Amino acid sequence: MSRKKIEFFSAKNIAFLAVLIALVVVLQLWGSMIPIGVAGLNLSFVLIPITLGAMILGPIAGGVLGFVFGFVVLMTGVTGANFFTAYVLADSPFFTVITVLLKGIVAGSVAGILYKLIAKKNRYVAAFTAAAAVPVINTAIFILGALCMSGSLKAFVSSYMPEFDGRNIMYIILVGLVTVNFFIELAVNVVCAPALHTVDGVVEKRIIKKVNRRKEIGETENKEV
């Protein structure tokens, strides 16, 4: 096992990842109680811990958190807590599962990669980029998945969104399902970016202090020998 893998699977990282996973579950379940938009979709506050995990722990953690996000969304569909997800899951299960899981995994992973690359030059810009990337990618993949489920969406619109009945499928997706959610999620994530950047900085400083402390102890022990 490489050094980087060993560092990722350290007790501290696993504990921090567990806390973020718990946040994802709680925030998604709480967010599912706040329907927004014409179709009653739900606000994804979980994008914040996904972004934070991607920044501090890297793309693997971001992908894991994204998967948990998608899994919880599917469970709200299975239980009927999220009416829209429940409808498309019953009518088009394959594309629903793939879309819901993939959008979270890709968003978290790519955010981690972007942050890692940009942080080498400017960590503040990296934080904003990662924060913006998560809702953008999450929404983009949702749109692609929705296009694959156009038949299910048209049936849903016909029954529950009569004001959009007969409209072009892209209009339905963008205006009826995406726009309000996307801009709220983007604003929340970008506004939180400075705070995420600060948390990342504090964590890194603590890590550096511990590493330097270990080096000092090692050097002292070598001198004594």
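Residues numbered from 1 in each chain as written. Predicted model: local features only at pLDDT ≥ 70, side-chain atom pairs only at ≥ 80, totals over all residues. Heavy atoms only, no water.

Participant: Would you mind going over the nonpolar core in detail, with residue names and values included?
Facilitator: Ranked by internal contacts, the top residues of the largest apolar core, which has 33 residues, are Val 24, Ile 50, Met 55, Leu 65, Phe 69 and Tyr 115. For this core, the elements supplying multiple residues, two or more each, are α2 (11-31), α3 (47-57), α4 (59-79), α6 (93-118) and α7 (123-148). Those residues in contact with Leu 65 that sit more than four places away from it in its chain are Leu 17, Leu 20, Ile 21, Val 24, Pro 49, Ile 50 and Gly 53. Counting 17 residues, the second largest nonpolar core, distinct from the first, contains Phe 84, Ile 143, Ala 146 and Met 149. (Core = buried A, V, L, I, M, F, W, Y, C linked by side-chain atoms within 4.5 Å. Buried < 20%, exposed > 50% of the residue type's maximum accessible area, 1.4 Å probe, protein only. Helix = DSSP H or I, 4+ residues; strand = E, 2+ residues; numbered from the N terminus. Contact = heavy atoms within 4.5 Å.)

Participant: If you had to explain the side chain of Asn 189 to someone new, which residues and values would you point to?
Facilitator: Within the fold, Asn 189 resides in helix α9 (residues 169-224). Overall, Asn 189 belongs to the buried group, its relative accessible area being 1%. Filtering out sequence-adjacent residues up to four positions away, Asn 189 remains in contact with Leu 47, Ile 48, Thr 51, Ala 131, Val 134 and Pro 135.

Participant: Outline the confidence of the model for the protein chain, supporting the account with residue identities and numerical values.
Facilitator: Confidence along the protein chain averages 83 in pLDDT terms, with 77% of residues attaining 70 or more. Put simply, helix α1 (residues 3-8) is where the protein chain has its lowest mean pLDDT, 52, and α6 is where it has its highest, 96. (pLDDT = per-residue confidence, 0-100.)

Participant: Lay out helix α8 (residues 150-160) with the relevant residues and their values.
Facilitator: Ser 152, Leu 153, Phe 156 and Val 157 are the residues of α8 that are buried. Down the axis of α8, the sector holding all buried residues measures 135°, keeping them to one side. (Arc of directions from axis to C-beta.)

Participant: Kindly report on the packing of aromatic side chains, identifying the contributing residues and their values.
Facilitator: For any two aromatic rings, the description comes down to two numbers: the centre-to-centre distance and the angle of the planes. Taken as a whole and judged by the stated rule, the model has 11 aromatic pairs. For the ring pair Phe 67 and Phe 71, a centre distance of 6.4 Å and an interplane angle of 25° mean the geometry is stacked. On the criterion of helical spacing, the pair formed by Phe 67 and Phe 71 is a turn pair, its members being 4 residues apart in helix α4. By relative accessible area, Phe 67 is classed as partly exposed at 38%. Residues Tyr 87 and Tyr 160 carry aromatic rings whose centres are separated by 6.0 Å and whose planes lie at 80° to one another, so their mutual orientation is edge-to-face. Residue Tyr 87 is located in helix α5 (residues 83-91), and its partner Tyr 160 is located in helix α8; the two are separated by 73 residues in the primary sequence. With a relative accessible area of 45%, Tyr 160 lands in the partly exposed category. (Phe/Tyr/Trp six-rings, centres within 6.5 Å; stacked < 30°, edge-to-face > 60°.)

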